[in-house]
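# Close look at the chain arrangement
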Amino acid sequence: MSFLGVEQSLTGRSWVGPGAEVERTAEMMAQQTDLPRAVCQVLARRGVPVAEARGFLDPKLKELLPDPREMKEMEAAAARFLEAVKQRQRIAVFADYDVDGGSSAALLLVWLRQMGMQATLYVPDRIDEGYGPNVPAMQELAGTHDLIICVDCGTLSHEPIAAAKGADVIVLDHHLGGETLPDCVAVVNPNRQDESGDLGYLCAAGVVFLMLVEAGRQLRAEGAKGPDLMTLLDLVALATVADVAPLIEANRALVRQGLKVMAQRQRPGLVALSDIARMDTAPSSYHLGFLLGPRVNAGGRIGQANLGARLLSTDSLHEAQALSERLDALNTERREIENAVRAAALEQAEARGLEAPLVWAAGEGWHPGVVGIVASRLKETANRPAIVIGFDGDEGKGSGRSVSGVDLGASIQKLAAEGLLVKGGGHKMAAGLTVMRDKLEPAMARLSELLAKQGAGQAGPADLKLDGALMPGAATVDLIEQIEQAGPFGAGAPAPRYALPDLQVRFAKRVGETHLKLSLSDGLGAGLDAIAFGAFDGPMGEKLSNHGGARFHFAGRLEINSWGGRQNVQLRLEDAAPAQ
């Protein structure tokens, strides 16, 4: 039975409320713990047992952090790293160009600086070099360094790592491994094929952090001491959220503690970036994913690839401010490029049909730095795995995003093994690929076939799952603060979503190109403001703007909006339906 009788909303979705078992668990939890009912509903939906409710609200890193040695070759990696430190050897850090790569590199650069050492940072250019280690770069680095550490890349880089003659190589990564591993000192990766997968939720920065934990352990065993790792957790939190790693188990504690560290405003790069992004409240996972992450990413997408890692690792406020301004400008430019590619890709995908197991689009000159974001937009539109490819001549570089339950990375890897791709890899929810123009159609047909076997294409627009209904008068700042105790929210731990039934639109205004600002009322004196981002990308914007006095059910996530020293509750609107 649909929630509030909504079988087809303005975005074409059916609304689904909490099941009877969740409601029973929440009621029992509220009685036994004296926690607010709204908090209990969130915990019950997450499957938290009643006896563990209070512990879940206060995750302790010392209890949740796994033993680094659970990962293969971790001890060898940390030992070689420390050998380079003790002998003052020349170290290079080869990093991916996204937030996870930049944060991973910054973790090592900052740690080494606190030990009195400088390391070389190398981030490949997305267009000229592509993802991961390449032979010329590794040869050049090996000629002037004793140790090369590849972060957020390297697991599939057999040939480039073999080319690093004269230098040792360590790989700290989380991308899906192949049947064989590169020949080097250590490949530490929870997603190696010979790993259990128990720590597969970690991003690369999580792996790097655990390597530093192991290095600290080895130092203590020798009677020495390393830097305070707790001060580095802001970097781990940023990477975990921005890389869309699930906020479960140790990741919950890493992000929760990392947000506390970030709130102390000690890292020049994050202070400068927060200020330029006009963050005026304590940082949350939303800020990391939607304000800071895209700006850190902008350098790797359309600018100079190493800007993000430099920003996150600098100890100079002056340099941090200059880099932040540059990244902010690049992010604005990135949005303009993205909008143009998104419009063209959506038109092409719609013409091809959005009902197939795979939604894809390819175009000449589409910027490689935005194809991943556009793929994400296509995925959200169609509720299907999506691939977007930009061609430069006969070679196309693309990126893909998947839906829950469909392993895109493994399928892309299979395509590469079958010779339909020049190269490709990734993880379950995201992947990258290079394809020649003459193989495009057969590659996409084969990928669609592989994804269909995993169940892709069977669902319509995703049902909208709701945690319950609230009237505007009950949506208070106190309630939101109580619910936040169950966070942080993000991938694998969605923030609670509520329906606000039978409200009228007092005021509606288009904001920017596609957004809609609303003022809602229950007609009895209570109301709240709402913002619907991207409302005019679909039918919701026009229908709510031209409401004609009709009443609607509204659904979305509640948040605290701070302005001018005052706080009020705002609804981040995701969907609406006529109130029958």
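Reading the values: rules and limits
Residues numbered from 1 in each chain as written. Predicted model: local features only at pLDDT ≥ 70, side-chain atom pairs only at ≥ 80, totals over all residues. Heavy atoms only, no water. Salt bridge = Lys/Arg side-chain N within 4 Å of Asp/Glu carboxyl O. Helix = DSSP H or I, 4+ residues; strand = E, 2+ residues; numbered from the N terminus. Buried < 20%, exposed > 50% of the residue type's maximum accessible area, 1.4 Å probe, protein only. Core = buried A, V, L, I, M, F, W, Y, C linked by side-chain atoms within 4.5 Å. Contact = heavy atoms within 4.5 Å. Pairing = 2+ DSSP bridges. Axes fitted to C-alpha atoms, helices over the stretch in contact; angles between N-to-C directions. Parallel < 35°, antiparallel > 145°, perpendicular 65-115°, else oblique. Left-handed = near helix turned anticlockwise from the far one by under 90°. Nonpolar A, V, L, I, M, F, W, Y, C, P; charged D, E, K, R; others polar. 1 Å grid on protein atoms, 1.4 Å probe; cavity = no way out; pocket = protein on both sides within 12 Å on 5 of 7 lines; lining within 4 Å. Points joined across faces, edges and corners; volume = space filled by probe spheres on them.

## Remarks on the pattern of salt bridges
Applying the stated criterion across every chain, the model contains 33 salt bridges. Residue D234 is joined to R267 by a salt bridge in which the shortest nitrogen-to-oxygen separation is 2.9 Å. Pair noted here: D234 is in helix 10 (residues 233-242) and R267 is in the loop between helix 11 (249-263) and helix 12 (268-276), with a separation of 33 residues, a long-range link. You can call D234 buried: its relative accessible area is 3%. For R267, a relative accessible area of 11% corresponds to the buried category. Three or more residues joined by partner-sharing salt bridges are found here, namely D67, R69, E75, E214 and R217.

## Observations concerning the nonpolar core
Counting 84 residues, the largest nonpolar core has F81, W111 and L212 as the members making the most contacts within it. Sorting elements by how many residues they give to this core places helix 9 (residues 204-221) first, with 10 residues. When residues no more than four places from it in sequence are discounted, the contact partners of F81 are L108, W111, L112, L147, I149, I170, M211, L212 and A215.

## Here we look at the sheet that holds strand 7 (residues 359-364)
Whenever strands of a sheet pair, they do so through backbone hydrogen bonds, lying parallel or antiparallel. Strand order in this open sheet of five strands is 7-8-9-11-10, and the pairing throughout is mixed. Of all the strands in the sheet, the pair left with one neighbour each is strand 7 and strand 10 (423-426). Between one strand axis and the next, the sheet turns through 15° on average, direction left out of account. Alignment of strand 7 against strand 8 (residues 386-392), held across six bridges, turns out to be parallel. Counterpart to V359 in the pairing with strand 8 is A386. Relative to the sheet, helix 18 (residues 440-453) contacts strand 7, strand 8 and strand 11 (430-436), its axis offset from that of strand 8 by approximately 165°.

## Notes on the packing of helix 5 (residues 74-86) against helix 9
For the pair helix 5 and helix 9, interaxial distance at closest approach is 9 Å and the crossing angle is 70°. One element, helix 5, and the other, helix 9, form an angle in the roughly perpendicular class. When you trace helix 5 past helix 9, the crossing you get is right-handed. Contacts between helix 5 and helix 9 pair M74, E75, A77, A78, A79, F81 and L82 from the former with V207, L210, M211, L212, E214, A215, Q218 and L219 from the latter. Partitioned by chemical class, the residues of the contact of helix 5 with helix 9 number 12 nonpolar, one polar and two charged.

## A short note on empty space enclosed by the protein
In the structure shown here, the tally under the stated rule is one cavity of 30 Å³ or more. Taken as a whole, the largest cavity encloses approximately 40 Å³ of empty space. What lines the largest cavity is simply D96, Y97, D98, G102, V296, G299, G300, A305, G308 and A309. Secondary-structure elements contributing two or more residues to the lining of the largest cavity are helix 13 (285-302) and helix 14 (307-313). Broken down by element, the lining of the largest cavity gets its largest block of residues, three residues, from helix 13. Grouping the constituent residues of the lining of the largest cavity by class yields four nonpolar, four polar and two charged.

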